[in-house]
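Chain and residue survey
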Amino acid sequence: MSDYIVLVKQVPDVSQITDNAFDPETGTLVRTRLASVINELDTQALAFANRMRQDSNDRTGKIICLSMGPPMAEEVLRYGLGRAADIAILLTDRALGGADTWATANPLAFAVRKIVKEILKNDSDYYVITGMQSVDGDTAQVPPQIAEELSLPCIAYATKAEFKNGRFELTRIISGGSQVVAPKKLPVIITVAKYEYPLFATFAATRRASKVQVIRWGAADINAVHIGVTGSKTSVIRVFPPGKTSRKCRQLHDVKDLAAMIIESSKGGDDKTAQKGDGQKRKYVLPAKRANKFDRSFEGTEKENEDYRLLADTLKQLGIKDVTQIDDAAQERILAAVGQRFHKKALEDMIEGFKFTEPTFKKGEVWVVAEHKDGAVHPATFELVGKARELADSLATKVGVVAAGYQLEPMAKELIAAGADNIYIIEDKLLRVFDPTAHRKAIADAINAYWPQIVLYAATPQGRMLAPMVSYRVGCGLTADCTGLDIRDNSRKGDIGLLLQTRPALGGNVMATIRTKSSRSQMATARPGVMKRLPSDYSKTGKVIRHKVELSQNDVSLEIIKTETAGGGVNFNADVIVSGGKGMQSRDNYDRLLGALCQALSRKLQTQVERGASRAAVEQGFIERAHQVGQTGTSIGPKLYVALGISGAIQHMIGVANTETIVAINSDPSAPIFKQCDYYFVGAIEDTIPSLVQALE
Ligand SMILES: Cc1cc2nc3c(=O)[nH]c(=O)nc-3n(C[C@H](O)[C@H](O)[C@H](O)COP(=O)(O)OP(=O)(O)OC[C@H]3O[C@@H](n4cnc5c(N)ncnc54)[C@H](O)[C@@H]3O)c2cc1C
């Protein structure tokens with residue numbers, strides 16, 4: 001008899017954002033002005049658990065909903081009780097507030113321990129099931145961190161569970177395809193990425209739910225070690241509105257205009273590099289290497305930079321050349337010269353800040369954790385190596401790439417040419433295919449041995465699962481899905497050479513810059529397609545360093561039953577790519593309509609036109625997986641991208657960020673893709689494509 005602990009969270013409703021939800025002064029979204037709802041993926045997790053209970057023909061297993069949040073979060077537990085849950089527990093305490101993912105996972109894990117001890121009577125036949133991520137945080141970090149705290153295996157991005165021969169086989173999303181796995185033993189943590197069979201409240205369950213008492217626990221009941229702001233390992237430095245897209249977002253009303261514009265755009269020349277999240281910036285230099293010892297123009301906020309700039313100018317005017325010359329009398333003169341700009345205490349702090357010149361995170365290297373399969377390195381790893389090179393040059397240190405697997409040495413040459421200095425190789429037959437538990441042990445062991453000051457992972461499904469486990473295991477904070485990584489100082493606080501990690505939050509409605517604290521290393525996952533790969537330089541030399549980790553079969557948590565990934569044969573280097581989404585509605589439509597458009601474009605433009613697809617279209621069987629574009633498909637950068645019946649989900653749009661011109665055709669006038677493209681046409685595919693083909697011809 002298996003039991004199911006389902007984690008549910010109350011989140012702001014980011015799908016219903018009104019104008020008054022934004023702060024008029026800062027332009028940022030105010031979370032408290034949004035309605036609260038249950039996190040959509042957690043409703044799917046509950047339905048998933050209910051289905052597992054049904055399919056295993058075991059009606060005696062309990063579903064226990066657990067939530068952490070303010071007292072009003074009881075509403076989401078009532079949602080659970082009204083559908084499938086037997087028991088509901090709310091972990092609520094002011095002391096738990098303001099936590100990052102580390103200090104969220106820790107108390108949740110302790111609450112799971114208490115449930116197992118007191119309700120499940122230490123029976124280990126249970127699953128912890130939760131949504132892949134919550135819409136407010138969007139990190140996907142908490143479940144793998146809970147897994148690490150509880151020493152459980154984690155199966156992330158599950159889409160299906162099938163009960164076969166007395167056990168569950170789970171289908172999950174992986175880079176470039178999907179995989180069917182089974183946990184070698186229970187308990188296990190499962191995160192649900194998609195489950196399209198919602199649970200509806202029944203009258204009987206709702207009546208019963210209204211009578212069930214929600215159990216309330218406070219911080220003292222669970223005795224967690226890391227809670228709230230003090231237990232967190234990252235802190236938010238600033239929150240700001242996202243930059244406006246540089247895409248034109250222009251609606252075209254006539255198919256003839258659409259055809260003319262498509263022809264024009266296919267010629268290329270529109271430089272979209274400006275819209276990249278991590279474009280060219282002034283390169284950071286350590287304070288000790290700056291020409292002017294009073295130069296503190298790499299602080300984290302513009303206000304700090306301004307203050308330091310003014311101070312440096314004033315010191316120059318007053319003829320002060322060294323910190324030792326700034327005595328009480330000099331301070332009075334400085335304050336008189338700057339007027340009301342800053343007061344005495346602030347000046348003292350700034351002067352104190354001049355004394356710090358060495359990096360806070362000491363002399364470790366900048367590392368990238370390599371993602372690879374069948375000897376091929378994932379493109380996102382090369383992008384990260386490019387970024388790591390820039391960061392390491394600023395910090396006057398080296399770039400290391402750590403790779404766990406089997407027979408890895410042939411990858412080293414390419415990684416060194418892409419910018420790495422040292423390649424740390426951990427080889428073992430047990431690491432031949434990716435197993436989260438075995439790989440996290442190997443990578444964490446290498447980090448513990450060498451302590452790099454920065455560790456970067458690609459924000460792919462694999463990286464988003466591995467990074468939280470590794471970082472939790474080695475006791476470091478982690479920031480998810482960064483689109484900007486910069487080195488900056490906080491001189492007043494004595495912090496030099498910090499990694500500032502910028503990422504979108506609240507469904508992309510705000511940007512947050514985050515720093516790591518109370519950690520020996522700064523860790524982040526970075527969104528694929530945002531950082532730039534450097535041109536390969538094969539004259540560069542580097543070192544291969546072998547690191548040995550003791551592994552046994554006990555370190556392997558999953559049995560891999562089947563892996564389905566894309567074959568080759570698709571030319572995504574074509575200048576023009578036309579993709580179809582679920583809105584194509586059938587394989588026939590995809591072949592006929594999209595095919596006709598590709599042919600017409602190819603004839604007219606005298607170029608090869610490749611076919612692409614959204615993940616949903618691939619899953620519907622419209623075309624083979626090799627054609628999938630996006631986070632778990634291929635990232636592309638053609639001159640022209642035409643998206644037919646594609647909604648514009650973030651996982652799809654990440655893959656087309658480097659495209660020069662994006663054209664979207666969709667029947668829904670409020671399709672999200674219309675806010676992320678250059679030209680759009682509102683219309684049904686069946687009507688629009690034939691007339692577009694005609695207009696092109
Ligand atoms: C871990 C993870 C990784 C993922 N990786 C990827 C990835 O690599 N690539 C990817 O694409 N997705 C990926 N996804 C899935 C992604 O979140 C979306 O579910 C997917 O992109 C949606 O595809 P779609 O736009 O075709 O379908 P939908 O979102 O269902 O949109 C269909 C669109 O078609 C329009 N439409 C319907 N009928 C018509 C018509 N007759 N004419 C015109 N328009 C019509 C609708 O208005 C709608 O906008 C991933 C998800 C997860 C969780």
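See the structure above.
Residues numbered from 1 in each chain as written. Predicted model: local features only at pLDDT ≥ 70, side-chain atom pairs only at ≥ 80, totals over all residues. Heavy atoms only, no water.

**Some remarks on the overall build of the protein chain**
Cut-off, in case you're wondering: The helix and strand labels rest on DSSP assignments: H or I over at least four residues marks a helix, E over at least two residues marks a strand, and numbering proceeds from the N terminus. It is over C-alpha atoms that the radius of gyration is taken, and the globule rule equals 2.2 Å times the number of residues to the power 0.38. Three exposure classes are used, based on accessible area relative to the maximum for each residue type with a 1.4 Å probe and protein chains only: buried under 20%, partly exposed in between, and exposed over 50%.
Looking only at helices and strands, one finds 18 helices and 31 strands in the protein chain. Against the 2.2 N^0.38 benchmark of 26 Å for 697 residues, the protein chain shows a C-alpha radius of gyration of 27 Å, consistent with a compact globule. Seen through its C-alpha atoms, the protein chain measures out along the principal axes to roughly 80 × 70 × 55 Å. Among the 697 residues that make up the protein chain, the fraction classed as buried is 59%.

**Side note on the packing of aromatic side chains**
Just so we agree on the cut-off: Side-chain rings of Phe, Tyr and Trp, where Trp is taken by its six-membered ring, are said to pair if the distance between their centres is within 6.5 Å; with planes under 30 degrees apart they count as stacked, over 60 as edge-to-face, and otherwise as tilted.
Enumeration over the complete set of coordinates arrives at 13 aromatic pairs. Ring geometry for Tyr-308 versus Phe-354: centroids 5.5 Å apart, planes at 65 degrees, classification edge-to-face. Taken together, the residues Tyr-308 in helix H8 (residues 302-317) and Phe-354 in the loop between helix H10 (344-353) and strand E14 (366-369) connect sequence positions 46 residues apart. Exposure remark for Tyr-308: the relative accessible area of 1% places this residue in the buried category.

**Remarks on the site of the ligand**
Formally: Note on terminology: near, applied to a residue and a molecule or strand, indicates that one of the residue's heavy atoms is within 4 Å of it. We define a polar contact as two N or O atoms separated by no more than 3.5 Å, with the added condition that, inside protein, one atom must be a possible hydrogen donor and the other a possible acceptor, whereas residues neighbouring each other in sequence contribute only through side-chain atom pairs. Only the protein chains shown count as cover for residues, with accessible areas throughout obtained via the Shrake-Rupley method and a probe of 1.4 Å. Three classes are used, and their members are as follows: Ala, Val, Leu, Ile, Met, Phe, Trp, Tyr, Cys and Pro are nonpolar, Asp, Glu, Lys and Arg are charged, and the others, Gly among them, are polar.
Lys-582, Gln-585, Ser-614, Thr-632 and Ser-647 are the nearest of the 30 residues found near the ligand. Within the backbone of Lys-582, an N or O atom sits 2.7 Å from an oxygen atom of the ligand. Here Asn-666 contributes a side-chain N or O atom positioned 2.8 Å from an oxygen atom of the ligand. Taken by itself the ligand offers 980 Å² of open surface, and the protein chains cover 82% of this. Where the shell around the ligand is concerned, the elements lending two or more residues are helix H16 (615-619), helix H17 (650-653) and helix H18 (685-696). Residues of the shell around the ligand, tallied by class, amount to 10 nonpolar, 16 polar and four charged.

**Some thoughts on the sheet that holds strand E22 (residues 495-505)**
Cut-off, in case you're wondering: Two strands form a pair only when DSSP identifies at least two bridges running between them. To get an axis, fit a line to the C-alpha atoms, keeping to the stretch in contact for a helix; angles then go from 0 to 180 degrees between the N-to-C directions.
Reading across the sheet, the four strands line up as E12-E23-E22-E21 and stay open at both edges, with antiparallel pairing between neighbours. Two strands lie at the open edges of the sheet, namely strand E12 (234-240) and strand E21 (484-490), each paired on one side alone. Across the sheet, the mean angle separating the axes of adjacent strands is 35 degrees when strand polarity is ignored. Judged from the six bridges that link them, E12 and strand E23 (residues 510-516) form a sheet pairing that is antiparallel. Across the sheet, residue Phe-240 finds its bridge partner in E23, namely Met-511.

**A look at unusual backbone geometry**
A cis amide bond, omega 0 degrees, links Leu-186 with the succeeding residue Pro-187. Looking at the secondary structure, you find Pro-187 in the loop between strand E9 (177-183) and strand E10 (188-192). Positive phi, normally seen in glycine, also occurs at Lys-362, with a value near 50 degrees. Its location among the elements puts Lys-362 in the loop between H10 and E14. Judged by its relative accessible area of 61%, Lys-362 falls in the exposed class.

**Description of the sheet that holds strand E1 (residues 3-7)**
Short version of the rule: Working rule for contacts: check all heavy atoms of both residues, and any pair within 4.5 Å makes them a contact.
Pairing in this open sheet of 10 strands is mixed, and the strands run E11-E5-E4-E1-E6-E10-E7-E8-E9-E26 from one edge to the other. This sheet does not close on itself; its edge strands, each paired only once, are strand E11 (215-217) and strand E26 (558-565). Across the sheet, the mean angle from the axis of one strand to that of its neighbour is 30 degrees, orientation sign disregarded. Here strand E6 (residues 126-131) runs beside E10; their pairing, made up of five bridges, is parallel. Within E10, the position partnered with Thr-130 by the bridge is Thr-191. Helix-sheet contacts for helix H1 (residues 40-55) involve E1, strand E4 (63-68), E6, strand E7 (154-164), strand E8 (167-174) and E10, and the interaxial angle to E6 is about 150 degrees. Packed onto the sheet, helix H2 (residues 74-81) meets E4, strand E5 (87-91) and E11 and runs at close to 165 degrees relative to E5.

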